[in-house]
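Letter by letter, the chains look like this.
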Amino acid sequence: MRTDSPSRTTLDKATEENFPVAPFFLPRAWREDLMAVYGYARLVDDIGDGDLAPGGADARHLGVARADADDRLVMLDAFEADLRRVFDSTPHHPLLKALQPTVRRRSLTPDPFLGLIAANRQDQRVGRYETYDDLVAYCELSANPVGRLVLAVTGTESPERVRRSDAVCTALQIVEHLQDVTEDLGRNRIYLPAEDMKRFHVTEADLAAPRGGASVRALVAFEAERAAQLLNEGTPLVGSVHGRLRLLLAGFVAGGRAALDAVAAAGHDVLPGPPKPTKSSLLREVGAVLRRARREG
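Computed from a predicted structure; not experimentally measured. (Residues numbered from 1 in each chain as written. Predicted model: local features only at pLDDT ≥ 70, side-chain atom pairs only at ≥ 80, totals over all residues. Heavy atoms only, no water.)

Structural notes on the overall build of the protein chain
Stage number 1. Helix and strand counts for the protein chain stand at 16 helices and 0 strands.
Stage number 2. Compactness check: the protein chain gives a C-alpha radius of gyration of 19 Å against a globular reference of 19 Å for 297 residues, within 12% of the reference.
Stage number 3. The principal-axis extent of the C-alpha atoms belonging to the protein chain is close to 55 × 50 × 35 Å.
Stage number 4. Here the protein chain, with 297 residues, has 52% of them falling under the buried criterion.
Stage number 5. Treating the 39 positive side-chain charges of the protein chain as one cloud and the 42 negative ones as another, the clouds have centres 7 Å apart. (Helix = DSSP H or I, 4+ residues; strand = E, 2+ residues; numbered from the N terminus. Rg over C-alpha atoms; globule rule 2.2 N^0.38 Å. Buried < 20%, exposed > 50% of the residue type's maximum accessible area, 1.4 Å probe, protein only. Lys, Arg positive; Asp, Glu negative; His and termini not counted. Charge placed at Lys NZ, Arg CZ, Asp CG, Glu CD.)

Structural notes on the environment of L116
Stage number 1. Looking at where L116 falls in the secondary structure, it is placed in helix α6 (residues 111-125).
Stage number 2. The spacing of L116 and D45 is 71 residues in sequence and 8.0 Å in space, taken between C-alpha atoms.
Stage number 3. The residues touching L116, leaving out its near neighbours within four places in the chain, are Y40, A41, V44, L141, S142, P145 and V146. (Contact = heavy atoms within 4.5 Å.)

Details of the state of the cysteines
Stage number 1. One pass over the structure, following the stated rule, counts 0 disulfides.
Stage number 2. C169 supplies the cysteine sulfur nearest to C139, a cysteine that is in no disulfide, at a spacing of 9.7 Å.
Stage number 3. The class of C139 is buried, set by a relative accessible area of 0%.
Stage number 4. Here C169 falls in the buried class, since its relative accessible area comes to 11%. (Disulfide = S-S within 2.5 Å.)

Brief notes about empty space enclosed by the protein
Stage number 1. This model, assessed by the stated rule, comprises 2 cavities of 30 Å³ or more.
Stage number 2. The calculated volume of the largest cavity comes to roughly 50 Å³.
Stage number 3. Together, H177, V181, D184, L185, R189, I190, Y191, L192 and L207 line the largest cavity.
Stage number 4. The greatest single-element share of the lining of the largest cavity, amounting to 3 residues, is contributed by helix α10 (residues 181-186).
Stage number 5. Within the lining of the largest cavity, the residues separate by chemical class into 6 nonpolar, 1 polar and 2 charged. (1 Å grid on protein atoms, 1.4 Å probe; cavity = no way out; pocket = protein on both sides within 12 Å on 5 of 7 lines; lining within 4 Å. Points joined across faces, edges and corners; volume = space filled by probe spheres on them. Nonpolar A, V, L, I, M, F, W, Y, C, P; charged D, E, K, R; others polar.)

Observations regarding helix α2 (residues 28-49)
Stage number 1. Look at α2: 31 Å from first C-alpha to last across 22 residues, which is about the 32 Å you get at 1.5 Å a residue.
Stage number 2. Across the 22 residues that make up α2, a large majority, 16, are buried.
Stage number 3. One or two residues past the end of α2 sits G50, with phi positive at roughly 70°. (Expected span 1.5 Å × (residues − 1).)

Some details on the packing of aromatic side chains
Stage number 1. Counting across every chain of the model gives 8 aromatic pairs.
Stage number 2. An angle of 20° between the planes, with centres 5.9 Å apart, marks the rings of Y129 and Y191 as stacked. You can see Y129 sitting in the loop between α6 and α7 (132-142) and its partner Y191 sitting in the loop between α10 and α11 (194-199), a full 62 residues away along the chain. Pair check on accessibility: Y129 and Y191 agree, each one buried.
Stage number 3. Put simply, the rings of Y40, F79, F87 and F113 touch in pairs and so form one group of aromatic residues. (Phe/Tyr/Trp six-rings, centres within 6.5 Å; stacked < 30°, edge-to-face > 60°.)

Dropping the structure here:
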């Protein structure tokens, strides 16, 4: 018999991310609030990807009939309805119940949460992106709200920090797409812009191969450089804050850099499986980001 709750199995996925979600060195209140936000973001992605725990507990919590539990759009609609209860009544899903104290304590608004739902709705309807700008617009929904929520939870929002955070979050989303080309293709999604695939003479059949040929690797290297430039644009965010928050944000940036290093170390051949950074490479990158922050601070 399965005994894991949907909340527990969802939160357990925090260990699979490229960057620390709510590390031990943060104040307990921050850790609890960041994990509540992470739980929300992870659950909405799991609904959109069809990766919910078996047994139908999430659907039951959201009031979705068993017959509709596999309909991702129905589930996303029910999830949005329950999210809105976070702000005006009492939600039903355990992860949304856990989120409600954070929302009240930090005076969070619905917009970033709704953006993540909109991104997952888009995933049900859009599987290809013609241009890089189209992809960036998708990241505005799928990734940037998370960084904005981190700033809101820690009380450090400002227009400039939000701009830098958006650059970092978009970069992290692109890096994740590069790591997961094969997995995404299995879901009938390609997050490599079609115009770039044409430029590098890459077809969808090339992406389905066991290993990447020279053209695929050149395309991945090109997109990786774009992500690196975005990380560079966003890195001054780290130097704009202090104390434990600086270390947390350095971890986010370093996670992206270490993942890019792993992609490069694989010769930009991501098709056999996602290249993952080692803990030692992550720590090296954290040190480098912090040194840069001190120089620029």
